[in-house]
Amino acid sequence: MPRATPHRLRRLDRERGSVTIWMITSATAMILLAGLAVDVGGQVHAKQRAQDIAVEAARAGGQQLQAPAAVRGQGAVADPGQAIAAARNYLAGTSDVTGTASVSGGNTITVNTTSTYEPKFLSIIGIGSLAVSGHARVQITRAVGGVAR
């Protein structure tokens, strides 16, 4: 077995720690990528939740019809005050989503929601709250025999 010469030892000493630097850099990059995946997924989930709440609030508002007109077959028209109150009541039942509701044309209820997502990993590099929003529009339609009228 050949013996190491002093020159050969000096060359190996210069390379000491190079794997450690590579491992630290790789590990940091992997943690950042995993954090990015977690936080992007969390933001998408928060946006879907805001959208779902907007849809359900609009549906709740759309169920508030002016009963006399609907019973007489004069069309399905929302009671604006009750529709907005029902949508707002639904929104009030959520702890982290706020929103607005409006009625237009007597048969269209629109709900917009907003919320925030707090990043779990990306806050380490200074990324704070991420805003998310949802939007839903419900149009009331009278149907007789499965046909909209």
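Worth saying up front: this structure is predicted, and the values here are computed from it rather than measured. (Residues numbered from 1 in each chain as written. Predicted model: local features only at pLDDT ≥ 70, side-chain atom pairs only at ≥ 80, totals over all residues. Heavy atoms only, no water.)

Draft legend 1. Here's a closer look at the pairing of strand 1 (residues 98–104). Pairing of strand 1 with strand 2 (residues 108–117), which is carried by 7 bridges, proceeds in the antiparallel orientation. Paired with Val 103 across the bridge in strand 2 is Ile 109. (Pairing = 2+ DSSP bridges. Helix = DSSP H or I, 4+ residues; strand = E, 2+ residues; numbered from the N terminus.)

Draft legend 2. Focus on the nonpolar core. Of all hydrophobic cores here, the largest spans 14 residues; its most connected members are Ala 57, Ala 78, Ala 87, Leu 91, Ile 109 and Val 111. Top element by residues in this core is helix 2 (residues 18–62). It accounts for 4 residues. (Core = buried A, V, L, I, M, F, W, Y, C linked by side-chain atoms within 4.5 Å. Buried < 20%, exposed > 50% of the residue type's maximum accessible area, 1.4 Å probe, protein only.)

Draft legend 3. Geometry of the pairing of strand 2. Of all 10 residues that make up strand 2, 7 are buried, and the element is covered over most of its length. Following strand 1, the chain reverses through 3 residues before pairing antiparallel with strand 2; Gly 105 in that reversal takes a positive phi of roughly 70°. Inspection of the sheet shows strand 2 paired to strand 3 (residues 130–139) by 10 bridges, in the antiparallel sense. Within the sheet, the bridge partner assigned to Ser 115 lies in strand 3 and is Val 132.

Draft legend 4. Inspection of helix 4 (residues 80–92) at higher detail. In a regular helix each residue adds 1.5 Å, so 13 residues correspond to 18 Å; helix 4 covers 18 Å between its end C-alpha atoms and thus fits that length. Buried residues of helix 4: Ala 83, Ala 86, Ala 87 and Leu 91, and no others. Angularly, the buried residues of helix 4 cover 135° about the axis, an arc narrow enough to put them on a single face. Exposed and oriented more than 90 degrees from the buried face of helix 4 are Arg 88, Asn 89 and Ala 92. (Expected span 1.5 Å × (residues − 1). Arc of directions from axis to C-beta.)

Draft legend 5. A look at the sheet that holds strand 2. Spatial ordering of the open sheet is given by 1-2-3, a layout of 3 strands whose pairing is antiparallel. The sheet is open, and its two borders are formed by strand 1 and strand 3, each paired with just one other strand. Neighbour-to-neighbour, the strand axes of the sheet open up by a mean angle of 15°, direction not taken into account. Taken strand by strand, helix 4 contacts strand 1 and strand 2, and its axis lies near 165° from that of strand 1. (Axes fitted to C-alpha atoms, helices over the stretch in contact; angles between N-to-C directions. Contact = heavy atoms within 4.5 Å.)

Draft legend 6. The arrangement of a nonpolar patch on the surface in detail. A contiguous nonpolar patch, built from Leu 32, Val 38, Phe 121, Ile 124, Ile 125 and Ile 127 and spanning about 540 Å² of accessible area, is present on the exposed surface. In this fold, Val 38 is placed in helix 2. (Patch = residues over 30% accessible without salt bridge, like charges linked within 9 Å, V, L, I, M, F, W, Y side chains within 5 Å. Areas by Shrake-Rupley, 256 points an atom, 1.4 Å probe, with all protein chains shown as cover. Salt bridge = Lys/Arg side-chain N within 4 Å of Asp/Glu carboxyl O.)

Draft legend 7. Structural context of the pattern of salt bridges. In total, this model carries 2 salt bridges according to the counting rule given. Put simply, Arg 49 and Asp 96 hold a salt bridge, and the shortest N to O gap is 2.6 Å. With a gap of 47 residues between them, Arg 49 in helix 2 and Asp 96 in the loop between helix 4 and strand 1 connect regions that are remote in the sequence. Judged by relative accessible area, Arg 49 falls into the partly exposed class, the value being 34%. What makes Asp 96 partly exposed here is its relative accessible area of 39%. The partner of Glu 56 in a salt bridge is Arg 59, with the nearest N and O atoms 2.7 Å apart. Note that Glu 56 and Arg 59 are positioned in helix 2 at a spacing of 3 residues, about one turn of the helix.

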